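# Structural overview
Next come the chains, spelled out residue by residue.
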Amino acid sequence: VQLQASGGGSVQAGGSLRLSCKASGRTFSSYLMGWFRQAPGKERDIVAAISSSGIMTYYADSVKGRFTISRVNSRNTVTLQMNSLEPEDTATYFCAADRANWSPRLSRAYEYDYWGQGTQVTVSS
């Protein structure tokens, strides 16, 4: 599976961005998908995750109520809608795929089997 992330950019605080991740292959609908982010000098942290069916979602506390993860399996695409962006959201964002449908370890980067190349999000105050 190859993952291609896009949609990053620079915005002012309070603005919005929409990240997309396009997956190759015919098994996308069986994967748990996640978005992670990593700021310079910091660990890669979970932002949000969505089950293979799209029914279950998970959000980091820092983004609850501001970010929304969704997927369209027929298009092999997972999207992260980011609203009310804050300077603290500045990071490189990565999409990731896990061969499990869902996992109690979904917040752990090591749980995921495939990674995209990352897209930069910069939020200025």
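The present account deals with the structure reproduced in this document.

Rules behind the numbers
Residues numbered from 1 in each chain as written. Predicted model: local features only at pLDDT ≥ 70, side-chain atom pairs only at ≥ 80, totals over all residues. Heavy atoms only, no water. Helix = DSSP H or I, 4+ residues; strand = E, 2+ residues; numbered from the N terminus. Buried < 20%, exposed > 50% of the residue type's maximum accessible area, 1.4 Å probe, protein only. Contact = heavy atoms within 4.5 Å. Salt bridge = Lys/Arg side-chain N within 4 Å of Asp/Glu carboxyl O.

Looking at where S52 falls in the secondary structure, it is placed in the loop between strand 5 (44-50) and strand 6 (57-59). Residue class for S52 comes out buried when judged on its relative accessible area of 9%. Setting aside anything within four residues of it in sequence, one finds S52 in contact with S29, S30, Y31, L32, R71, N73 and N101.

A separate point is the pattern of salt bridges. In this structure the tally under the stated criterion is 6 salt bridges. With a closest N to O distance of 3.1 Å, K64 and D61 form a salt bridge. Of the two residues, K64 and D61, neither departs from the other in class, the shared state being exposed. A salt bridge links R99 to D113, with the shortest nitrogen-to-oxygen separation between them at 3.5 Å. Placement of R99 in the loop between strand 9 (91-98) and strand 10 (114-115) and of D113 in the loop between strand 9 and strand 10 is noted, with a sequence separation of 14 residues between them. Judged by relative accessible area, which is 51%, R99 ranks as exposed. Residue classification places D113 among the partly exposed positions, given a relative accessible area of 32%.

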